[in-house]
Amino acid sequence: MYEITPMIKGEEVHFRLPDPAFYEALGYEGMKDLMYRFYDEIYESSIANFFPQDEEEFAKVKEKNALFFIQLCGGPKVYEAGSQEGDLHKYMIRLHDDFSIYEKSRTEWLGCMETALRHTDIAQSLKDNFWEYLEAFSKLTVNSFTDGSHYYAAYTQMKIDK
Ligand code: HEM
């Protein structure tokens, strides 16, 4: 599938957490492989300039990103930054408010993830489930618009469905 629906300013964003079967299929090392591959794509992408240019700093963000997704997807609680804050998603939205993220950046980000997922050898239904989560949640990290406006009301628009 790998469809992307547009982010609409002010619209509620509903999403479900990824199915624990996704993490179970990949395991800890498999999740790391996926996320490292994703960051390799990011490094080559048009949004590479958003990320630290220093190699060591980039490696740190890459590692933190992998740990975040391991925890979020049902693995061990290894993402320290977010764990202290309570809700991981609210923390992610706030963290991304430091960057000017446009819809175009979101499309590029998702494209990097799509490439990484295509290289990952697990059931397509599990990849689709993870994609649905990312496609929806990523809307809440978009905070800048081509009309010059910025929009930070994201928490109140977040609806996590059971
Ligand atoms: C939609 C477009 C997105 C863009 C352009 C983007 C951009 C960025 C940037 C620039 C950083 C680096 C922060 C730094 O320099 O320290 C970052 C970190 C991170 N992003 Fe995103 N991001 C996007 C979406 C997402 C989404 C949807 C998620 C999660 C579902 C996510 C999870 C993370 C995590 C876990 C980190 C590392 C946080 C940490 O340092 O502890 N990002 N992102």
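So, how was this worked out
- The residue count restarts for each chain, going from 1 along the sequence in the order it is written.
- In keeping with the predicted nature of the model, local features appear solely for residues at pLDDT of at least 70, side-chain atom pairs appear and are counted solely at 80 or more, and the whole-chain, interface and lining totals rest on all residues.
- Lines fitted to the C-alpha atoms define the axes, with helices restricted to the stretch that makes contact. Angles between their N-to-C directions range from 0 to 180 degrees.
- In this description a helix means any DSSP run of H or I spanning at least four residues, a strand means any run of E spanning at least two, and both kinds are numbered starting from the N terminus.
- Just so you know how the angles are binned, under 35 degrees is roughly parallel, over 145 roughly antiparallel, 65 to 115 roughly perpendicular, and the rest oblique.
- Handedness of each helix crossing follows the sense of rotation of the near helix against the far helix: counterclockwise by less than a right angle gives left-handed, clockwise gives right-handed.
- Distance between backbone-placed C-beta atoms decides contact: two residues are in contact if it is within 7 Å.
- Residue polarity is assigned by list, with Asp, Glu, Lys and Arg as charged and Ala, Val, Leu, Ile, Met, Phe, Trp, Tyr, Cys and Pro as nonpolar; anything else, Gly included, falls into the polar class.
- Near, as applied to residues and a molecule or strand, means the residue's backbone-placed C-beta atom lies within 6 Å of it.
- Multiply 1.5 Å by the residue count of a helix minus one, and that product is the helix's expected span.
- With C-beta atoms placed from the backbone, a residue is buried if 20 or more other C-beta atoms are within 10 Å of its own, exposed if 12 or fewer are, and partly exposed between those counts.

A separate point is the packing of helix α1 (residues 20-43) against helix α5 (residues 103-118). Where α1 meets α5, the axes come as close as 8 Å, and the angle between the chain directions of the two elements is 135 degrees. Considered as vectors, α1 and α5 are oriented oblique to each other. Remark: the crossing between α1 and α5 carries right-handed chirality. Two secondary-structure elements touch here, α1 through L34, R37, F38, E41 and I42 and α5 through C112, M113, T115 and A116. By residue class, the composition of the contact of α1 with α5 is six nonpolar, one polar and two charged.

F50, F68, R106, W109 and S138 are the nearest of the 21 residues found near the ligand. Secondary-structure elements contributing two or more residues to the shell around the ligand are α2 (55-72), α4 (88-96), α5 and α6 (124-137). Here the shell around the ligand is composed, by residue class, of 14 nonpolar, five polar and two charged.

What follows concerns α2. Along its 18 residues, α2 runs 26 Å from first to last C-alpha, staying within 8% of the 26 Å computed at 1.5 Å per residue. Buried residues of α2: K62, A66, L67, F68, F69 and I70, and no others. Where α2 ends, the next residue or the one after it, G74, has phi of about 110 degrees, a positive value.

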